[in-house]
Amino acid sequence: MTDLDTLAAQAYLYGFPLVFDLEQAGRYTTTGVGANPPAAFNTFSHARSLASAADTFVSINNDTVYSMASLDLGVGPVRLSVPASDRYYVLQFVDAWTDNFAYVGTRGTGDAAGEFLIVPPGWGGDAGGLTVIHAPTRIVSIVGRWSCAGTDDLPAVHALQDATTLAPADPDATAAGIPVTAPQGEDALDFWEKYRVWSQAFPPAARDKELQASFAPLGLTGETPVTGLTPAQQDALRAGARAGESVITQAMADAAVGATPGAWSQSLHAFDYNLDFFEVGAKDDPAWKIADPRRRIGERAVAARAGLWGNHGYEAAYVVTFQDSDGQPLTGEYEYELRLSPPPPVGAFWSVTMYSLPDFYLVENDIDRYSVGDRTPGIVTDPDGGLTIRIGRTRPSDDEAAANWLPAPAGAFRPILRMYMPGDAVLDGTYVPQPITRLDG
């Protein structure tokens, strides 16, 4: 690779989270995602059902009902009202660069009703006694999750969703939204044009401005569209996109391989790249910060690709595996068991959710079951209080195994173990899930 190619690969890792995030934020205002209908800026899109295979979003969960919102704080402050809640919930605040900068909910602010004022960068007005949440960028995503035990529990969740509202301080202001970029004729150049425009429209944290400025030789810091750049610059951008994507793919593969065959990858710190913005509910703690600048940029890109809008580990811990106990890739060609004894120690609840590869989507199946956990109706616990989950394409003939069955796809798959409000044993690494075991015969 030339020096310009190498610089473009660095720019891709740096810019991928911004582009991917804003594409999805815009998607919520135009087409919605699965069970979440589209909603205009500064209004909630409330899903009315748990996610299913129709929800084509990276690593979406099946534990909670989503309430999503894309905010455009160019209209000024937006008031958030939340009701008192009788269940676990979280409203996670994510800026355009995918920094988790605030949490409203059970862990972060408690179960009581609350009123908050979300304000744009540089705002210095009167909050009128409300709790202020300072946004790092004009565009912000609120990713809300309400614990739901199943279909019978949905009406209670709907009532809480309906009482969760957003109200711009100026109701007549028009949201400008995300700048529209002109098509450049090919996917790679379309990516770079979005990056060029959006990286200037949504300035990064101060610590990243020098890095962003270093991409000037690629033509990414000026006003010239990508199609107007020199052939050498365009070639470098194409090469950089390929190389950057390869780095992300390889990093995901490396992260999936534990220290021993089949070990779960403990990704407690995958979302620790925010070093600068800490509002209500967010922990400003060195233990939850990636100090190394190069690693921070890489981790942010990988986290966006594999689990966009994932929570910090102290809110919800995510562990994944791609292998069985013999170190072989997990695939629907075989049947498996996962024994969790003891079950994960949590303050809220836990689950194991099935995802297909390479998209990380939920897997369609005949019984519409996408996860198994401590709230799954009819599960059968082991005599010692643990739980044995059967994993495979077809329903087990044994009734007890069928009660704990997690359907798998025909091809390769990756489960995620989610632990909401993880206990100390999870956070300090002393709780280690057992590997998934292949059943022969």
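Fair warning: this is a prediction, and the values are worked out from it, not measured in the lab.

Engineer: When you look at the packing of aromatic side chains in this model, what are you seeing that I'm missing?
Structural biologist: Describing an aromatic ring pair means giving the distance of the ring centres and the angle of the ring planes. Within this structure, the stated rule accounts for 20 aromatic pairs. Between Tyr 336 and Phe 413, the ring centres sit 5.9 Å apart and the planes meet at 80°, which makes this aromatic pair edge-to-face. Of this pair, Tyr 336 sits in strand S12 (residues 335-340) while Phe 413 sits in strand S17 (residues 413-420); the two residues are 77 residues apart in sequence, bridging distant segments of the chain. Judged by its relative accessible area of 1%, Phe 413 is buried. Members of the aromatic cluster, connected to one another through ring pairs, are Tyr 12, Tyr 14, Phe 16, Phe 20, Trp 97, Phe 191, Trp 192, Tyr 195 and Phe 215. The aromatic ring of Tyr 103 is capped on one face by Arg 107, whose charged end is 5.2 Å from the ring centroid. Positioned above the aromatic ring of Tyr 334, the side-chain terminus of Arg 438 is 3.5 Å from the ring centre.

Engineer: Help me understand the UniProt feature "domain: DUF1254" (unreviewed entry) in the protein in this model?
Structural biologist: Within the UniProt annotation, "domain: DUF1254" (unreviewed entry) is assigned to residues 41-168. Along residues 41-168 the backbone is 7% helical and 41% strand, and the end-to-end C-alpha distance reaches 10 Å.

Engineer: Would you mind showing me how to read the layout of surface pockets here?
Structural biologist: With a probe scaled to a water molecule rolled over the atoms, the places where space remains empty come into view. Put simply, the second largest pocket is a space of about 400 Å³. Taken together, 23 residues line the second largest pocket, and the ones lying closest to its centre are Leu 50, Asn 62, Ala 149, Gly 150 and Pro 377. Those elements that provide at least two residues to the lining of the second largest pocket are strand S13 (350-356) and strand S14 (371-373). With three residues, the top contributor of residues to the lining of the second largest pocket is S14. Among the residues making up the lining of the second largest pocket, the classes are represented as 10 nonpolar, eight polar and five charged.

Engineer: Would you explain the sheet that holds strand S15 (residues 387-392) in this entry?
Structural biologist: Picture the strands of a sheet paired through backbone hydrogen bonds; they go either parallel or antiparallel. What the four strands build is an open sheet, ordered S16-S15-S12-S18; its pairing is mixed. The open sheet is flanked by strand S16 (405-407) and strand S18 (437-439), the only strands paired with a single partner. In this sheet, neighbouring strand axes are inclined to one another by 30° on average, regardless of whether the strands run parallel or antiparallel. As judged from the three bridges shared by S12 and S18, these two strands associate in the antiparallel manner.

Analysis parameters
Residues numbered from 1 in each chain as written. Predicted model: local features only at pLDDT ≥ 70, side-chain atom pairs only at ≥ 80, totals over all residues. Heavy atoms only, no water. Phe/Tyr/Trp six-rings, centres within 6.5 Å; stacked < 30°, edge-to-face > 60°. Helix = DSSP H or I, 4+ residues; strand = E, 2+ residues; numbered from the N terminus. Buried < 20%, exposed > 50% of the residue type's maximum accessible area, 1.4 Å probe, protein only. Lys NZ or Arg CZ within 6 Å of the ring centre and 35° of its normal. UniProt positions renumbered as here; feature names shortened; annotations may be inferred. 1 Å grid on protein atoms, 1.4 Å probe; cavity = no way out; pocket = protein on both sides within 12 Å on 5 of 7 lines; lining within 4 Å. Points joined across faces, edges and corners; volume = space filled by probe spheres on them. Nonpolar A, V, L, I, M, F, W, Y, C, P; charged D, E, K, R; others polar. Pairing = 2+ DSSP bridges. Axes fitted to C-alpha atoms, helices over the stretch in contact; angles between N-to-C directions.

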